[in-house]
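Understanding the architecture of this molecule
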Amino acid sequence: MTRKELIEQTRRLIAEGERLDLQPSLPALRTWLQVSDQMLSSAWGSMDRYHLAWLSVGRSNAIRGRAMTDEEEQAYVRDVAAQKTAALRMSLRAIEEQHMPFLGETPDERPAGS
């Protein structure tokens, strides 16, 4: 993947996270999380259990054993989308502003002076 492609994909995923805040949907959230996890993993490597637990992305505060109400589900989707969108923004900053190398990148794809 080129730097330009990674930046474009990350921006699209950030935009989708912002849309989830406006129109929360649990099925859309699940798909978005899967796609964004795959993209981040291919660029930066997989996260171990410690990092995932530390981020607590995707953890529901709902009472176990019962379904969430519509309001709880919408709040959950917004909360998870906000957390993951923040992680995507940090990734975009690392790629675009800090010119950090990522997995599979070749030296000639990196900006001069990086």
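Anyway, here's the lowdown on the structure attached to this text. (Residues numbered from 1 in each chain as written. Predicted model: local features only at pLDDT ≥ 70, side-chain atom pairs only at ≥ 80, totals over all residues. Heavy atoms only, no water.)

Okay, the nonpolar core next. L29, W32 and L88 are the most contacted members of the largest nonpolar core, which totals 20 residues. Mapped by element, the contributors of at least two residues to this core are α1 (3–22), α2 (26–44) and α4 (70–96). Not counting residues within four places of it along the chain, the set of residues in contact with W32 comprises L13, E16, G17, L20, A81, K84, T85 and L88. (Core = buried A, V, L, I, M, F, W, Y, C linked by side-chain atoms within 4.5 Å. Buried < 20%, exposed > 50% of the residue type's maximum accessible area, 1.4 Å probe, protein only. Helix = DSSP H or I, 4+ residues; strand = E, 2+ residues; numbered from the N terminus. Contact = heavy atoms within 4.5 Å.)

We now examine the pattern of salt bridges. Per the stated rule, a full pass over the model turns up eight salt bridges. Linking R19 and E16 is a salt bridge whose minimum nitrogen-to-oxygen distance equals 2.9 Å. Of this pair, R19 and E16 both sit in helix α1, three residues apart, roughly one helical turn. Judged by its relative accessible area of 43%, R19 falls in the partly exposed class. One salt bridge in this structure joins R89 and E18, with 2.4 Å as the shortest N-O distance. Linking R89 in helix α4 with E18 in helix α1, this pair joins segments that are 71 residues apart in sequence. Relative accessible area serves as the criterion here: at 41%, R89 is assigned to the partly exposed category. (Salt bridge = Lys/Arg side-chain N within 4 Å of Asp/Glu carboxyl O.)

In short, shape yes, function no, at least from these values alone.
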